[in-house]
Amino acid sequence: MHFSAPSSSPLINQEEDNLFCSACYEGDVYDGNEIVICEKCEVPVHQKCYDVPTIPDGPWFCNACEAGADTNTLTCELCPYKGGAYKQTDKDLWVSLLL
């Protein structure tokens with residue numbers, strides 16, 4: 001699931017207007033940096049914040065959901081933060097993506 005807005009107009013509906021990225025906490029979108037939403041856990045992230053070069057035609061899944069992790073119980077290995085977007089380390093640990 002993803003939302004986009006033409007660069008010359010405001011976001012189209014109320015749902016999009018309240019949407020913000022779980023990494024940078026900003027809601028601005030522009031061509032090439034739209035907010036994508038994980039089809040499973042519904043975490044919203046900017047393409048550039050989460051390294052999503054292109055938006056797929058079908059469903060998109062965050063790294064945690066793609067790996068089969070339970071995002072409801074996942075905790076960051078570096079801080080007490082729970083929820084939001086996660087990335088997996090080279091040691092197979094999960095860290096929250098806060099910019």
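Right, let's walk through the structure included here. Just so it is clear, the model here is predicted, and its values are computed rather than measured.

**Considering the overall build of the protein**
(1) Moving on: Scanning the protein from N- to C-terminus turns up 3 helices and 5 strands.
(2) Moving on: The secondary structure elements of the protein, listed N-terminal to C-terminal, are β-α-β-β-α-α-β-β.
(3) Moving on: Looking at the protein residue by residue over its 99 residues, the buried ones come to 36%.
(4) Moving on: Considering only contacts in the protein between residues 6 or more positions apart, those separated by 24 or more positions represent 33%.

**Focus: the environment of Gly 32**
(1) Moving on: Note that Gly 32 resides in the loop between helix H1 (14–17) and strand S2 (35–37).
(2) Moving on: Between the alpha carbons of Gly 32 and Ile 55 there is a distance of 9.0 Å; along the sequence they are 23 residues apart.
(3) Moving on: If near-sequence neighbours (up to four positions away) are discounted, Gly 32 is found in contact with Gln 47 and Lys 48.

**Concerning the packing of aromatic side chains**
(1) Moving on: On inspection of all chains with the given rule, the structure shows 2 aromatic pairs.
(2) Moving on: Aromatic side chains Tyr 50 and Trp 60 sit 5.7 Å apart centroid to centroid with 85° between the ring planes, which places their arrangement in the edge-to-face category. Residue Tyr 50 is found in helix H2 (residues 47–50), and its partner Trp 60 is found in the loop between H2 and helix H3 (63–66); the two are separated by 10 residues along the sequence. Of the two residues, Tyr 50 and Trp 60, neither departs from the other in class, the shared state being buried.
(3) Moving on: The side chain of Lys 87 reaches across the aromatic face of Tyr 50, ending 4.2 Å from its centre.

**Focus on unusual backbone geometry**
(1) Moving on: The phi angle at Asp 51 is positive, at roughly 60°, despite the residue not being glycine.
(2) Moving on: With respect to the helices and strands, the residue Asp 51 is situated in the loop between H2 and H3.
(3) Moving on: We classify Asp 51 as exposed; its relative accessible area is 62%.
(4) Moving on: Non-glycine residue Asp 92 carries a positive phi angle of around 65°.
(5) Moving on: With respect to the helices and strands, the residue Asp 92 is situated in the loop between strand S4 (86–88) and strand S5 (94–96).
(6) Moving on: Given a relative accessible area of 57%, Asp 92 falls into the exposed group.

Rules used throughout
- Residues numbered from 1 in each chain as written.
- Predicted model: local features only at pLDDT ≥ 70, side-chain atom pairs only at ≥ 80, totals over all residues.
- Heavy atoms only, no water.
- Helix = DSSP H or I, 4+ residues; strand = E, 2+ residues; numbered from the N terminus.
- Buried < 20%, exposed > 50% of the residue type's maximum accessible area, 1.4 Å probe, protein only.
- Contact = heavy atoms within 4.5 Å.
- Phe/Tyr/Trp six-rings, centres within 6.5 Å; stacked < 30°, edge-to-face > 60°.
- Lys NZ or Arg CZ within 6 Å of the ring centre and 35° of its normal.

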